[in-house]
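Tertiary structure, described
The chain contents come next:
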Amino acid sequence: MQLKLIIDAKPLDIEIDDVIAGLLAIRLNLPAHADQQAAIVQYLSEKGAPWLLDEEHMRKRIFRRLILDVADPALIIRYLMVDR
């Protein structure tokens, strides 16, 4: 999933895997048929602030945030059970 975050009025393009996007959608309690991309962009843009250093630093910061948000065994089980 291609995302264009806006952090402190600066654009940041990132790409995340669909599975990670699905796990984050479950974490955020987004409805299955909602516009998940817009909600994920808003969430990551807010959590990424403030802008520090350069784009590469900010990308790493966003990915660390994603890891912390989705590294929960119970969340992964919920994600896997949604399809059943």
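Structure shown above.
Residues numbered from 1 in each chain as written. Predicted model: local features only at pLDDT ≥ 70, side-chain atom pairs only at ≥ 80, totals over all residues. Heavy atoms only, no water.

1. Quick notes on the overall build of the protein chain
Across its full length, the protein chain carries four helices and two strands. Scanning the protein chain from its N terminus toward the C terminus, one meets helices and strands in the order β-β-α-α-α-α. Computed over C-alpha atoms, the radius of gyration of the protein chain comes to 13 Å, within 12% of the 12 Å expected from 2.2 N^0.38 for 84 residues, which places it in the range of a compact globule. In terms of its C-alpha atoms, the protein chain occupies a principal-axis envelope of roughly 45 × 25 × 15 Å. When the accessible surface of the protein chain is totalled, it reaches about 5400 Å², and 58% of it is carbon and sulfur. Side chains of the protein chain give 11 positive and 13 negative charges; the mean places of these two sets differ by 6 Å. (Helix = DSSP H or I, 4+ residues; strand = E, 2+ residues; numbered from the N terminus. Rg over C-alpha atoms; globule rule 2.2 N^0.38 Å. Areas by Shrake-Rupley, 256 points an atom, 1.4 Å probe, with all protein chains shown as cover. Lys, Arg positive; Asp, Glu negative; His and termini not counted. Charge placed at Lys NZ, Arg CZ, Asp CG, Glu CD.)

2. Points about unusual backbone geometry
With omega at 0 degrees, the peptide bond leading from Ala49 into Pro50 counts as cis. Relative to the helices and strands, Pro50 resides in the loop between helix 2 (36-48) and helix 3 (55-70). For Asn29, which is not glycine, the phi dihedral falls at a positive 55 degrees. Note on placement: Asn29 falls in the loop between helix 1 (18-27) and helix 2. With a relative accessible area of 58%, Asn29 lands in the exposed category. Phi angles above zero are rare outside glycine, and Leu53 is one such case at about 55 degrees. (Buried < 20%, exposed > 50% of the residue type's maximum accessible area, 1.4 Å probe, protein only.)

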